[in-house]
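Residue strings, one per chain:
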Amino acid sequence: MARRKIIAGNWKMNKTPSEAVALVNELKPLVATEDADVVFCVPAIDIIPAMEAAKGSNICIGAENMYYEESGAYTGEIAPAMLTDVGVKYVIIGHSERREYFAETDETVNKKVLKAFEHGITPIICCGESLTQREQGITIDWIRQQIKIAFLNVTADQAKTAVIAYEPIWAIGTGKVATTEQAQEVCHAIRVCIGEIFDQATAEAIRIQYGGSVSASNAAELFAQADIDGGLVGGASLKADFGKIVNYK
C-alpha cells in the first residue's frame, strides 16, 4: 500500500502574524504539489491569519500544541475546540522542546493524543532520543516506550490516521542529520512497534516522518526510504528552501 507523503513545517516560536502572512504568500507557489500533504504548524496567534493567507492553496495550517482539557482554568493553554472552530486539522504533540522546556511527559502526550482524536484532529506525535541515549545503545528501547505510552487506549482506526515524527534530539537545529540508514532503522522499528500494539494493517497505514535538520539537499534520499513518509521540518520551513523539500522528487 502506497502511503501519501506528508511534509510539515514546524515554525516553533517564530513569525508575527503579519510575518506569517508574508511567509505563507511567499511559499504558496513554491510548495504547490499534488503528490504530498503540506502542513504549516504555526504559533497559535498566527493560525487565523495564516489560514486566511493559505486559502485556495494546498497548504493546511496546523497547531504546535494543545491542551488535553475541554476548557477551564488553564491560563495560557489552547483547547481542542478552539482549534477545530477555525478549521485546524493537525497538531504537533510531544515535541522534544515541549518535553525539555515545559515538562511534558509520555503520559501528558498520551492525554493530548486521545483528546486530539476525540476532536477529529490528526496528531503529529513526536518521539526521539538524546545523544547520550544513542551512545548508550538504547535508542530503539526508548522510542518504543514513547510510542507505546503515546498510543495507550487509542483504537486501531484512530492510529491509522495518526502521524508519527521521529526526531533524534541531537539532530534538531544542529545541522547534524541522522544518516539515511539510522533514520530508516528507527522509522522501521516504530512501524514494527505499531504492528505489535495494533496489527499489520495499522502499521502499514500509519505515516512516519523524519525530522532533524531536513534540508533541500537530503530530503529526496530520506523520503525515498521504505518507512519514511515525509518530514517534520524546522528551520528550513521558514525559508524558500521549504519549496524544494516539498518538491523533493
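Rules behind the numbers
Residues numbered from 1 in each chain as written. Predicted model: local features only at pLDDT ≥ 70, side-chain atom pairs only at ≥ 80, totals over all residues. Heavy atoms only, no water. Helix = DSSP H or I, 4+ residues; strand = E, 2+ residues; numbered from the N terminus. Rg over C-alpha atoms; globule rule 2.2 N^0.38 Å. Buried < 20%, exposed > 50% of the residue type's maximum accessible area, 1.4 Å probe, protein only. Contact = heavy atoms within 4.5 Å. Areas by Shrake-Rupley, 256 points an atom, 1.4 Å probe, with all protein chains shown as cover. Lys, Arg positive; Asp, Glu negative; His and termini not counted. Charge placed at Lys NZ, Arg CZ, Asp CG, Glu CD. Axes fitted to C-alpha atoms, helices over the stretch in contact; angles between N-to-C directions. Parallel < 35°, antiparallel > 145°, perpendicular 65-115°, else oblique. Left-handed = near helix turned anticlockwise from the far one by under 90°. Nonpolar A, V, L, I, M, F, W, Y, C, P; charged D, E, K, R; others polar. Salt bridge = Lys/Arg side-chain N within 4 Å of Asp/Glu carboxyl O. Pairing = 2+ DSSP bridges. Core = buried A, V, L, I, M, F, W, Y, C linked by side-chain atoms within 4.5 Å.

What to know about the overall build of the protein
Here is step 1: A tally of regular secondary structure across the protein gives 12 helices and 8 strands.
Here is step 2: For 249 residues, the compact-globule estimate of 2.2 N^0.38 gives 18 Å, and the C-alpha radius of gyration of the protein, at 17 Å, lies within 12% of that figure.
Here is step 3: When the backbone C-alpha atoms are referred to their principal axes, the protein occupies close to 45 × 45 × 35 Å.
Here is step 4: Classification of the 249 residues of the protein by burial places 52% in the buried group.
Here is step 5: In the protein, of all internal contacts separated by at least 6 residues, the share reaching a separation of at least 24 is 74%.
Here is step 6: Element-wise, carbon and sulfur atoms account for 53% of the exposed surface of the protein, whose accessible area totals about 10,800 Å².
Here is step 7: Each charge class in the protein can be summarised by its mean position, and for the 23 positive and 32 negative side chains these summaries are 2 Å apart.

Some points on the packing of helix α1 (residues 17–27) against helix α2 (residues 47–54)
Here is step 1: Close contact between α1 and α2 brings their axes to 9 Å; oriented N to C, the two are set at 25°. When the axes of α1 and α2 are compared, the pair comes out roughly parallel. Remark: the crossing between α1 and α2 carries right-handed chirality. Mapping the contact onto sequence places Pro17, Val21, Val24 and Asn25 in α1 and Pro49, Ala50, Ala53 and Ala54 in α2.
Here is step 2: In terms of residue class, the contact of α1 with α2 is made up of 7 nonpolar, 1 polar and no charged.

Concerning the pattern of salt bridges
Here is step 1: One pass over the structure, following the stated rule, counts 16 salt bridges.
Here is step 2: When the shortest N-O distance is used, the salt bridge between Glu104 and Arg98 registers 3.2 Å.
Here is step 3: The structure contains a network of salt bridges with shared partners spanning Arg3, Arg191, Asp227 and Asp229.

Overview of the pairing of strand β8 (residues 230–233)
Here is step 1: Here β8 shows no split at all, with Gly230 and Leu232 on one side and Gly231 and Val233 on the other all buried.
Here is step 2: The sheet contact formed by strand β1 (residues 5–10) and β8 spans 4 bridges and is parallel. Along β8, the bridge assignment pairs Ile7 with Gly231.
Here is step 3: Across 2 bridges, strand β7 (residues 207–211) lies against β8 in parallel orientation. Following the sheet pairing, Gly211 is matched in β8 by Leu232.

So, the nonpolar core
When a protein is soluble and globular, its nonpolar side chains tend to lie buried together.
Here is step 1: Within the largest apolar cluster, 66 residues are counted, with the highest numbers of intra-cluster contacts made by Phe40, Phe151, Ile190 and Phe242.
Here is step 2: A per-element tally of this core places helix α9 (residues 180–197) first, with 6 residues.
Here is step 3: Ile92, Cys126, Ala165 and Leu232 belong to the second-largest nonpolar core, a separate cluster that totals 11 residues.

Keep in mind these numbers describe shape, not what the thing actually does.
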